Amino acid sequence: MPSPRSLQPVSLIMRKDELRQYISQQKRQFTPRQLAQLSLPVIARLRPLLAEAQTILAYYALPDEVDTHALLDALVAEGKTVLLPKVLDGATMELRCYQGPQDLREGAYHILEPTGAPFTDLSRIDIALIPGLAFDAQGHRLGRGKGYYDRFLSAFKGQTIGVCFDFQKVAEVPVDAHDVSVDRVV
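Computed from a prediction, not measured in an experiment: that's the story for all the values here.

Cut-offs used in this document
Residues numbered from 1 in each chain as written. Predicted model: local features only at pLDDT ≥ 70, side-chain atom pairs only at ≥ 80, totals over all residues. Heavy atoms only, no water. Phe/Tyr/Trp six-rings, centres within 6.5 Å; stacked < 30°, edge-to-face > 60°. Helix = DSSP H or I, 4+ residues; strand = E, 2+ residues; numbered from the N terminus. Buried < 20%, exposed > 50% of the residue type's maximum accessible area, 1.4 Å probe, protein only. Contact = heavy atoms within 4.5 Å. Pairing = 2+ DSSP bridges. Axes fitted to C-alpha atoms, helices over the stretch in contact; angles between N-to-C directions. Core = buried A, V, L, I, M, F, W, Y, C linked by side-chain atoms within 4.5 Å. Salt bridge = Lys/Arg side-chain N within 4 Å of Asp/Glu carboxyl O. Expected span 1.5 Å × (residues − 1).

### Overview of the packing of aromatic side chains
Inference 1: Taken as a whole and assessed by the stated rule, the structure comprises 4 aromatic pairs.
Inference 2: Taken together, a centroid distance of 5.1 Å and an interplanar angle of 20 degrees make the contact between phenylalanine 30 and phenylalanine 167 stacked. Of this pair, phenylalanine 30 sits in the loop between helix H1 (16-27) and helix H2 (32-46) while phenylalanine 167 sits in the loop between strand S10 (159-163) and strand S11 (184-185), and the two are 137 residues apart along the sequence. This pair shows no difference in class: phenylalanine 30 is buried, exactly as phenylalanine 167 is.

As structure tokens, then:
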């Protein structure tokens, strides 16, 4: 397995499409099992940051993302309110309560999404865990290109944490006026 630390951060400035392609190539160097193993230290760094939070917006990981599945179930078991996004249409996502994997159904883009009750009180969310394809040290985030999280984050005033593998941390993420940064990257 290639060491994620042996992969060099991108030092050249790339366009968004080039950076998406570069990160996709990096991910393909790892098997799903290796990515699951690489998820463990990321989750370990994340756990203490969630200790005091009562309401957490998270994401149900795709196979090429930091695996959050066990974390979500552990947070629910601790009595925390866990929210996941559900895509409604080409521009909108809403948040829904997550109680466990039985709450999930395949939704837009073949992503497992929650079927729980809608959650609209953004002021109650203590921390939002935000996935991305790449992040830089300033918290700039490169998503998959649909803008769902940027639109959400523009209205969200709470703490945001970008979640990614170490090899997804790059020197610079190109940003546009509508892009919204995260507070920190784990």
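### Considerations on helix H4 (residues 148-155)
Inference 1: Among all positions of H4, only Tyr148, Tyr149, Asp150, Phe152 and Leu153 are buried.
Inference 2: Contacts from the buried residues of H4 go to strand S1 (55-57), strand S2 (81-87), strand S3 (93-98), strand S7 (127-131), strand S9 (141-142) and S10.

### With respect to the sheet that holds S1
Inference 1: Judged by pairing direction, the sheet is mixed, and its 7 strands sit side by side in the order S6-S3-S2-S1-S7-S10-S11 without closing on themselves. Of all the strands in the sheet, just strand S6 (118-119) and S11 have a single pairing partner and so form its edges.
Inference 2: Here S10 pairs with S11 via 2 bridges, running parallel. Opposite glycine 162, over in S11, you have valine 185 as the bridge partner.
Inference 3: Here helix H3 (residues 69-77) sits on the sheet in contact with S1, S2, S3 and S7, set at roughly 135 degrees to S2.

### So, the nonpolar core
Inference 1: Counting residues in each nonpolar core, the largest one holds 47 residues, and the members touching the most others are Leu46, Leu50, Tyr98, Leu129 and Val163.
Inference 2: Listed by contribution, the elements that provide at least two residues to this core are H2, S1, H3, S2, S3, S7, H4 and S10.
Inference 3: With 5 residues, the single largest contributor to this core is H2.
Inference 4: Sequence-distant contacts of valine 163, defined by excluding residues within four places in its chain, comprise Val42, Leu46, Tyr59, Val66, Leu129, Ile130, Pro131, Gly132, Phe135 and Val186.
Inference 5: Core analysis: the second largest hydrophobic core is formed by 9 residues, Leu19, Ala134, Leu142 and Val173 among them.

### A closer look at the pattern of salt bridges
Inference 1: All told, the structure shown has 12 salt bridges when counted by the stated rule.
Inference 2: One salt bridge in this structure joins lysine 27 and aspartate 64, with 3.3 Å as the shortest N-O distance. With lysine 27 in helix H1 and aspartate 64 in the loop between S1 and H3, this residue pair connects regions lying 37 residues apart in the sequence.

### Remarks on H1
Inference 1: Here H1 is 12 residues long and its end C-alpha atoms lie 16 Å apart, about the 16 Å a rise of 1.5 Å per residue gives.
Inference 2: Where H1 is buried, its residues meet H2, strand S8 (134-135) and S9.

### Structural notes on the environment of leucine 72
Inference 1: For leucine 72, the position within the fold is in helix H3.
Inference 2: Look at leucine 72 and you get buried, because its relative accessible area is 0%.
Inference 3: Between the C-alpha atoms of leucine 72 and leucine 84, which are 12 residues apart in sequence, the distance is 9.7 Å.
Inference 4: Other than its neighbours up to four places away in sequence, leucine 72 contacts Ala58, Tyr59, Tyr60, Val82, Leu84 and Tyr98.

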